[in-house]
Amino acid sequence: SDITLQSSDRVLFKVHRRNLEMYSQVFSDAANATATSSAVLDLMFQYTHPLPQPDPRKVDFNVVKDVAEA
């Protein structure tokens, strides 16, 4: 990782700037990125890595809704 983001509930996420830039217009300027809760960030970051994708049916609806807004 080359960047650390902190959610509003103070959870730190170590991520790769290039992944943020490639997969999200919201994070295209990753150095100036802001975000919400750790649950939202955690789910978003799962979609930016080449791993099996999470099943949104098993995720709290409010988290899925916030990811969709992000």
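All figures in this text were calculated on a predicted structure; none of them were measured in a lab.

Visitor: How would you sum up the pattern of salt bridges? Please name residues and give values.
Guide: Tallied over the full model, the rule gives three salt bridges. Of the charged contacts in the structure, one is a salt bridge between R57 and D55, with a shortest N-O distance of 3.0 Å. The shortest N-O distance in the salt bridge between D66 and K65 comes to 3.2 Å. Residue D66 is classed as partly exposed on the basis of its relative accessible area of 28%. By relative accessible area, K65 is classed as partly exposed at 34%.

Visitor: Tell me about the packing of aromatic side chains, and please be specific about residues and values.
Guide: Within the structure shown, the criterion is met by one aromatic pair. Judged by centre distance (5.3 Å) and plane angle (65 degrees), the rings of F13 and F45 are edge-to-face. Of the two residues, F13 is situated in strand β2 (residues 12–15) and F45 in helix α2 (residues 38–46); the sequence distance between them amounts to 32 residues. Accessibility assignment for this pair places F13 and F45 in one class, buried.

Visitor: An account of the pairing of strand β1 (residues 3–6) is needed here, citing residue identities and associated values.
Guide: Alternating residues of β1 divide into I3 and L5, all buried, and T4 and Q6, none buried. Looking at chain direction, β1 and β2 are connected through four bridges and run antiparallel. Within β2, the position partnered with I3 by the bridge is V15. The hairpin formed by β1 and β2 contains five residues between the paired strands, and R10 there has a positive phi angle of roughly 65 degrees.

Visitor: Which residues make up the packing of α2 against helix α3 (residues 61–69), and what are the values?
Guide: One can describe the packing of α2 onto α3 by two numbers: an axis separation of 9 Å at closest approach and a directional angle of 65 degrees. Comparing the axis directions of α2 and α3 gives the class roughly perpendicular. Note on packing geometry: the crossing formed by α2 with α3 is right-handed. Contacts between α2 and α3 involve A39, V40, L43 and M44 from the former and V63, V64, D66 and V67 from the latter. Counted by class, the contact of α2 with α3 contains seven nonpolar, no polar and one charged residues.

Visitor: How would you explain the environment of L5 if you had to name every residue and give the values?
Guide: Its location among the elements puts L5 in strand β1. On the accessibility criterion, L5 (8% relative accessible area) is buried.

Calculation notes
- Residues numbered from 1 in each chain as written.
- Predicted model: local features only at pLDDT ≥ 70, side-chain atom pairs only at ≥ 80, totals over all residues.
- Heavy atoms only, no water.
- Salt bridge = Lys/Arg side-chain N within 4 Å of Asp/Glu carboxyl O.
- Buried < 20%, exposed > 50% of the residue type's maximum accessible area, 1.4 Å probe, protein only.
- Phe/Tyr/Trp six-rings, centres within 6.5 Å; stacked < 30°, edge-to-face > 60°.
- Helix = DSSP H or I, 4+ residues; strand = E, 2+ residues; numbered from the N terminus.
- Pairing = 2+ DSSP bridges.
- Axes fitted to C-alpha atoms, helices over the stretch in contact; angles between N-to-C directions.
- Parallel < 35°, antiparallel > 145°, perpendicular 65-115°, else oblique.
- Left-handed = near helix turned anticlockwise from the far one by under 90°.
- Contact = heavy atoms within 4.5 Å.
- Nonpolar A, V, L, I, M, F, W, Y, C, P; charged D, E, K, R; others polar.

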